[in-house]
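Reading the structure
The chain contents come next:
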Amino acid sequence: MTKKKPAWQKPGVVFQPRLAQAWQQGIDQIVNAIAPTLGPLPRLTLYDPSVSKGKLPEVLDSGGTIARRIIQIKGRDRDVGAMLLRHMLWQMQEEVGDGTATAAVLFQAVYREGVRYLTSGGNAMRLRGYLEEGLRVILAELATMRRHLEGKESLAKLAYSICYDEPLAKMMGEIFDIIGAYGRLELRSANGREIEREYVEGMYWDSTLLSRTMINNPQQQRAELENLAVVATDLEIEDPQDMVPLLTLCIKADIEKLLIIARKLADPVLALFALNREKGRLKLEMVGAKTPGTSVDDQRMALTDIAVLTGGRPLFQAAGDTMRHIRPEHLGRARRAWVNRNFVSIVGGRGDPRALRQHIAALRALFARSTDARERATLQERIGKLMGGSATLYLPGMTQLEQEFNKEVAQRTVNAMRGAMRDGVVPGGGVALLACRERLRAYFADAGEPEARAAGHMLCDALEAPLRTLLHNAGFEPGAILADIRAAGPGYGFDVRAGRLVNMAEAGIFDAATVLETAVHSAISTAALALTTDVMVHRRDAGDAMMTGKP
Amino acid sequence: MSENTQDIVYALQCAQNVCFAARASGLYRSTDGGRSWEFAYTSLALTDSLPTTSVVISPDFATDRTVFAGVSGGVLYSLDGGDSWQIVELGTPPSTVSALVISPDFGRDGVLLAGTMEDGVFRSGNRGYNWAAWNFGLLDLSIFTLAISPDFAADETLFAGVESGIFRSTNGGRAWREIMLPVGYEPVLSLALSPAYAQDGTLFAGTESQGVLRSTDRGATWTQAATPDGPVNSLLLAPDFPTRPYILALLEHALLLSQDAGQTWREYPTGLKDMSAVLAPAGLAPGAPLIIGTTRGDVVSLVLPTQ
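In short, a report on the structure. (Residues numbered from 1 in each chain as written. Chains lettered and ligands numbered in written order. Predicted model: local features only at pLDDT ≥ 70, side-chain atom pairs only at ≥ 80, totals over all residues. Heavy atoms only, no water.)

What follows deals with the interface of chain B and chain A. Chain B puts 32 residues into the contact, and the matching count from chain A is 26 residues. For the chain B and chain A pair, buried surface summed over both sides reaches about 2300 Å², with 48% attributable to carbon and sulfur atoms. On the chain B side of the interface with chain A, the three residues burying the most area are Pro-93, Phe-136 and Leu-139 of chain B, jointly 30% of the side's total. Counting the contacts that link chain B with chain A gives five salt bridges. Examining the composition of the side of chain B that touches chain A, we find that four residues originate from one element, strand β15 (residues 165-169) of chain B, more than from any other. Broken down by class, the residue content of the side of chain B that touches chain A amounts to 14 nonpolar, nine polar and nine charged. (Contact = heavy atoms within 4.5 Å. Buried area = accessible area lost by both parts, 1.4 Å probe. Salt bridge = Lys/Arg side-chain N within 4 Å of Asp/Glu carboxyl O. Helix = DSSP H or I, 4+ residues; strand = E, 2+ residues; numbered from the N terminus. Nonpolar A, V, L, I, M, F, W, Y, C, P; charged D, E, K, R; others polar.)

In structure tokens form, the structure reads like this:
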């Protein structure tokens with residue numbers, strides 16, 4: 001006798017048209033939760049984490065975050081459609097940090113029109129092919145509109161088009177003008193009302209002093225050295241005898257200050273060193289810092305960067321290096337260094353500047369090739385550290401809720417700004433997408449197949465959708481304004497804050513090119529793929545909704 | 001620059017007929033347009049020489065009488081035309097100031113930048129009273145030369161010639177970006193921006209071994225000007241460039257003049273060897289006076305040929 005399965009475990013097969021209808025409903029639920037956040041005059045979404053006791057509600061204005069918070073919607077078939085879109089938005093948020101509301105609206109428009117066309121008897125695979133052709137046309141047209149921004153005013157305007165927060169945008173403009181696309185920027189919450197920033201010279205890594213006895217600046221609780229030699233290794237130095245070749249080398253080279261970056265300096269090593277200094281047998285002042293990084297890979301990368309910066313050569317345990325084999329070429333040089341309980345900082349590394357420039361160029365090339373979010377984050381951080389300084393932005397907030405919201409907005413702005421500075425910007429406010437329609441129409445003008453003509457119409461309509469949503473969110477009637485924009489000519493758009501038509505470039509209203517391109521690419525290719533899905537097989541039901549994004 | 005001489009003239013500056021020569025033995029001043037020179041540090045009562053590696057005069061010298069001199073470890077300033085001096089240290093360990101540039105709008109913005117041989121660029125925004133290192137993006141801290149845009153008040157543009165090439169700042173020296181030079185053309189010893197840089201985007205770079213490079217797009221691309229090999233220690237453009245497209249290039253053993261924006265060059269015989277610095281206080285018109293400093297400490301007045 002077989003045991004009867006509960007309803008949510010029952011397998012099932014779903015065919016058209018039920019599948020498309022259900023997916024459309026699921027997609028609409030997610031898009032309706034996200035669309036109000038599009039544009040400079042958005043509305044917010046409040047997330048109620050009532051299932052997690054003690055957690056505060058969360059104010060959300062990012063489509064990607066809203067999508068992440070919606071972990072399930074009611075209805076087994078609808079949920080699959082919603083999760084397909086959610087996954088796309090999540091991935092996009094990870095990749096470029098912004099543009100998810102635009103992508104959601106575009107996706108919805110293409111999918112809705114696609115379903116309508118297919119219901120009337122069109123061929124899904126052919127339609128998908130033409131949608132992808134149209135996508136390539138749009139991306140090519142967007143590429144022609146790219147330009148790079150320079151100067152704090154332009155960058156502040158760009159930041160404003162991402163965060164819609166004037167003080168934050170002004171600060172971001174200044175900071176990115178200084179640190180550049182790859183520079184190191186730390187975001188910290190602070191109790192207060194004013195946004196503040198701080199710039200720190202030099203490169204620094206997470207580390208700690210290997211002995212507190214080395215502190216020579218008690219006021220700042222750190223050890224400082226000037227005109228120093230640097231040894232960088234992932235070895236644990238246990239035996240005092242291991243230090244003899246290094247000390248001999250230092251005496252011969254007349255080195256008076258030495259920074260050892262190692263995983264460990266054992267007590268006998270420190271004791272021997274202290275004793276020799278005390279008795280005046282050794283003039284060398286030594287400071288030890290723990291090798292940065294927790295994993296072997298992190299340590300290898302940090303030591304490699306330090307070596308390039310200082311002109312030394314790191315000693316690696318995995319390569320069979322020992323302290324007894326140390327040679328002059330292992331020693332790097334720097335103008336200044338300090339170590340405290342959290343960081344080791346090196347200022348003015350004396351490595352070959354050409355080698356440093358080549359090293360950074362290689363890291364940038366790796367960054368450009370990489371599609372892995374974690375690897376890109378690591379590379380971003382490594383490049384930032386080597387650029388010679390860092391900035392810290394203190395974000396105000398009187399409550400934890402406000403602080404978290406401000407930090408999230410700032411982080412999203414930072415991610416999008418970096419992309420915009422690396423890859424350029426295009427006219428904002430939906431204008432760049434509108435401008436693609438002419439090329440798209442020309443491309444499909446002579447199309448013979450009905451699927452090609454349908455794809456052309458579908459994409460032209462979809463490219464209007466973000467601007468329509470943006471205007472609707474700001475309380476304007478889209479129809480009349482779209483007509484005005486068409487009449488005004490290329491480059492003109494509607495500044496919803498000022499409530500008038502403007503030249504977008506002159507008004508400094510831009511979108512990050514990468515963000516917009518990723519949004520277009522993700523939305524159209526995912527919608528095209530979704531339209532070719534005819535059958536869905538359920539293994540088990542996901543159960544009732546835990547949270548929905550009901551409009 | 002030659003290293004086996006004793007009293008190199010590193011820099012020359014003139015304003016209102018008052019000239020300064022920064023030399024390994026200290027700073028010298030002339031009040032008659034370079035005909036006679038006196039030691040400018042007399043008021044400091046030095047017991048040892050104070051090598052002075054750079055000097056710059058305020059654009060409002062006629063009214064503010066302000067002069068800055070770069071030395072090892074700091075910047076000296078005088079508010080009385082060089083009679084008395086105060087020092088501002090740049091921090092430890094001491095850096096040798098290799099280049100000084102002053103904002104053309106100094107009277108209003110008080111901006112002054114010092115390039116150093118070891119620690120990159122220091123910036124002062126309050127007339128030289130306080131200095132801070134601003135080296136964001138400056139991956140090479142050995143500064144040989146600095147050049148400031150004539151339209152600095154609007155474009156905040158600066159260039160730094162370094163051992164590995166050129167860096168540019170478009171925010172008044174707070175941050176720097178690499179400029180791609182053709183491979184093998186570094187180090188860059190001298191830079192000169194067109195007086196009409198805001199319009200024509202033209203600048204010239206003097207290299208150690210590849211002559212003079214020219215860019216007409218703010219440093220994005222470069223072409224080589226046909227100059228003889230050898231370190232180009234100094235480059236001067238005519239004050240009315242490009243209307244009068246004259247350029248003067250000082251090599252160690254030759255003074256070259258181009259009258260066609262660097263297309264062709266003609267050597268101007270000076271009879272001097274080991275030249276290290278040049279100044280054209282009245283521009284580069286035919287017959288204009290020249291002041292040339294040598295690695296032996298000589299400062300000589302000449303005139304440009306009339307043809």
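Turning our eyes to something else, we now look at the sheet that holds strand β5 (residues 196-201) of chain A. Residues and elements named next belong to chain A. Ordered in space as β4-β14-β5, the three strands form an open sheet in which the pairing is mixed. Across the chains shown, the open sheet's two edge strands, defined by having one partner strand only, are β4 (184-190) and β5. Here the strands of the sheet are splayed against their neighbours by 20° on average, with no regard to which way each runs. (Pairing = 2+ DSSP bridges. Axes fitted to C-alpha atoms, helices over the stretch in contact; angles between N-to-C directions.)

This paragraph deals with helix α10 (residues 296-310) of chain A. Taking 1.5 Å of rise per residue, 15 residues should cover 21 Å, and α10 of chain A covers 21 Å from first to last C-alpha, within 8% of that figure. The first or second residue beyond α10 of chain A is Gly-311 of chain A, which carries a positive phi of 80°. (Expected span 1.5 Å × (residues − 1).)

Here the focus is the packing of helix α5 (residues 124-145) of chain A against helix α15 (residues 450-473) of chain A. For any two helices packed against each other, the geometry comes down to the angle between their axes and how far apart the axes lie. Residue and element names in this part refer to chain A. Axis separation between α5 and α15 bottoms out at 9 Å; the angle between their running directions is 50°. When the axes of α5 and α15 are compared, the pair comes out oblique. Seen from above, α5 lies across α15 with right-handed handedness. Side by side, α5 and α15 meet where Arg-126, Leu-127, Tyr-130, Leu-131, Gly-134, Leu-135 and Ile-138 of the first sit next to Glu-451, Ala-452, Ala-454, Ala-455, Met-458, Leu-459 and Leu-463 of the second. A breakdown of the residues in the contact of α5 with α15 according to their chemical character gives 11 nonpolar, one polar and two charged. (Parallel < 35°, antiparallel > 145°, perpendicular 65-115°, else oblique. Left-handed = near helix turned anticlockwise from the far one by under 90°.)

Residues and elements named next belong to chain B. Residue position: Ile-102 is located in strand β9 (residues 97-102). Accessibility expressed as a relative area gives 10% for Ile-102, which makes it buried. Apart from residues lying up to four places away in sequence, Ile-102 is in contact with Val-56, Ile-57, Ser-58, Pro-59, Phe-68, Val-111, Leu-112 and Ile-148. (Buried < 20%, exposed > 50% of the residue type's maximum accessible area, 1.4 Å probe, protein only.)

On to the environment of Val-425 of chain A. As for its placement among the helices and strands, Val-425 of chain A is situated in strand β15 (residues 425-427). Each C-alpha atom of the pair Val-425 of chain A and Leu-158 of chain A lies 8.6 Å from the other, and the pair is 267 residues apart in sequence.

What follows concerns helix α7 (residues 166-179) of chain A. All names here are of chain A. For α7, which comprises 14 residues, the first-to-last C-alpha distance of 20 Å matches the rise-based estimate of 20 Å (1.5 Å per residue) to within 8%. Most of α7 sits out of view: 11 of its 14 residues are buried. A positive backbone phi angle near 75° is found at Gly-180, which sits one or two residues after α7.

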